[in-house]
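Structural overview for review
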Amino acid sequence: MDRDQPEHGDQPEHRDQPEHTGQPEHRDQPVVPTLGDVLRATEELWPEALAEGWDAVGLVAGQPTREVQRILFAVDPTSAVIDEALEWGADLLLTHHPLFLKPVHSVAATSFKGNAVHRLIEGGCALLAVHTNGDSAVGGVSDVLADAFGLLQVEPLVPATDGLPEEGIGRVGELPAAATLADFAKLVFSILPAVAGGVRVAGDPHGLVRRVAVCGGAGDSLFDAVRRHRADVYVTADLRHHPASEAREAAVNDRPYLIDVSHFGSEWLWLTPAARALENVLNDHGFSTEIRISTTNTDPWDFVLTPGLN
């Protein structure tokens, strides 16, 4: 989001606010929300009930009664992102990926995840994960990809069990006009952030595509749904050898073609519209807070070697 950026190390000015729970009374000036107020806003946008059963979403660390003057959005709660949040003076770090996806028995600072929790708490910064609930909800990760690619008549690849008809994992829709696979892949490449791995494509470069399936993040578990929707091409991340190979073997008329993108890149696009949506909901409830998008690239790869390059 476009905002004037304070220099690193500047701390937000705190001012006393009356205690508030829920929607505040009318005031001439917006008030700073508490973490509890922000949690209610995020629940409105990305209900935790939409999260997959295996997922671990929600508040990881933080005191609901504390004020939140600054929120940093990021894909991953890495050490570098936490550095960025603390240096800026963020009161809340909202990440797409959970810090603890699997159960743990200790948060001792001797582990990198335990150390992350200690640093956040000691720095006065809460941590909130919006993962598959942010994928499934209206305006979620795959919706953002579908919009970026210009898809029309968009619907979920796998509808949510308990949600609106337009909610669910992945999206499928139509391009305004058919394009060659090579041209569509170039569009995908031009939209996503630059990362070392680039974009990998499987299929005839001259083959025409019109119906497109997308899934931000790792989507190789959705091939049955992609085939069921008769997609010409499937854009997702983290395509492993065997699922990709088997999908190509099971292809009908060589479709679906595959476009494998960066996991980080496919979800990074969501941050700006998600931050804008949260800001709008908070403003509607009379709250004001400063929101920034992390500038840290958390894609784990630094460089790649390809034929013809030394």
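In what follows, the structure referred to is the one given above.
Residues numbered from 1 in each chain as written. Predicted model: local features only at pLDDT ≥ 70, side-chain atom pairs only at ≥ 80, totals over all residues. Heavy atoms only, no water.

1. Some words on the overall build of the protein
The criterion, for reference: Helix numbers and strand numbers start at the N terminus; a helix is a DSSP run of H or I with at least 4 residues, a strand a run of E with at least 2. With the radius of gyration taken over C-alpha atoms, the globule rule is written as 2.2 Å times the number of residues to the power 0.38. Each residue gets one of three labels from its accessible area relative to the maximum for its type: buried under 20%, exposed over 50%, partly exposed in between, using a 1.4 Å probe on protein chains only. Between two residues, a contact is recorded if the distance between any of their heavy atoms is within 4.5 Å. All accessible areas in this document rest on Shrake-Rupley with a 1.4 Å probe, and a residue is counted as covered only by the protein chains that are shown. The charge count treats Lys and Arg as positive and Asp and Glu as negative. His and the chain ends do not count. Positions of charges follow a simple convention, taking NZ of Lys, CZ of Arg, CG of Asp or CD of Glu.
Broken down by element type, the protein carries ten helices and eleven strands. For 310 residues, the compact-globule estimate of 2.2 N^0.38 gives 19 Å, and the protein sits close to it at 21 Å. Each principal axis of the C-alpha atoms in the protein carries an extent, and together these give about 65 × 45 × 40 Å. Burial analysis of the protein (310 residues in total) assigns 48% to the buried set. A separation threshold of at least 6 residues defines the contact pool for the protein, and within that pool the share at least 24 residues apart is 70%. Accessible surface, the protein: about 15,700 Å² in total, of which carbon and sulfur atoms supply 52%. In the protein, the 22 positive side-chain charges and the 46 negative ones have mean positions that sit 5 Å from each other.

2. Here's the deal with the environment of Ala277
Its location among the elements puts Ala277 in helix 10 (residues 271-284). Judged by relative accessible area, Ala277 falls into the partly exposed class, the value being 24%. Spatially, the C-alpha atom of Ala277 lies 7.7 Å from that of Leu45, the residues being 232 residues apart in sequence.

3. Looking at helix 8 (residues 241-249)
Note the threshold: Think of the arc as the fan of directions from the helix axis to the C-beta atoms.
Every buried residue belonging to helix 8 is among Pro243, Ala244 and Ala247, and all of these are buried. Down the axis of helix 8, the buried set is contained in an arc of 95°. They therefore lie on one face. For helix 8, exposure combined with an orientation more than 90 degrees from the buried face picks out His241, His242, Glu246 and Glu249. The elements touched by buried residues of helix 8 are helix 7 (223-228) and strand 10 (257-261).

4. Remarks on the pattern of salt bridges
Convention followed: Basic side-chain nitrogens of Lys or Arg form a salt bridge, by our definition, when they fall within 4 Å of a carboxyl oxygen of Asp or Glu.
According to the stated counting rule, one finds eleven salt bridges in the structure shown. With a shortest N-O distance of 3.5 Å, Glu155 and Arg211 are connected by a salt bridge. Of this pair, Glu155 sits in strand 5 (residues 152-159) while Arg211 sits in strand 8 (residues 208-218), and the two are 56 residues apart along the sequence. You can call Arg211 buried: its relative accessible area is 17%. In this structure, Asp254 and Arg248 form a salt bridge, with 2.8 Å as the shortest nitrogen-oxygen distance. Judged by relative accessible area, Arg248 falls into the partly exposed class, the value being 23%. In the salt-bridge network here, residues are joined through shared partners; they are Glu155, Glu174 and Arg211.

5. Comments concerning the sheet that holds strand 3 (residues 92-95)
Using the following cut-off: For two strands to be treated as a pair, DSSP must find at least two bridges joining them. The axes are straight lines fitted to the C-alpha atoms, using for helices just the contacting stretch, and the angles between their N-to-C directions are given from 0 to 180°.
Read from one edge of the open sheet, five strands run 1-4-3-2-11, paired in mixed fashion. Edge strands, defined here as strands with exactly one partner in the open sheet, are strand 1 (58-61) and strand 11 (290-293). When strand polarity is set aside, the average angle formed by the axes of neighbouring strands in this sheet is 25°. Of the strand pairs in this sheet, strand 2 (residues 70-74) and strand 11 are connected by four bridges, and their pairing is parallel. Across the sheet, residue Phe73 finds its bridge partner in strand 11, namely Ile293. Its contacts with the sheet place helix 2 (residues 79-88) against strand 2, strand 3 and strand 11, and it is angled at close to 165° to strand 2. Most of the contacts of helix 10 go to strand 2, to which it runs at about 150°, and overall it touches strand 2, strand 3 and strand 11.

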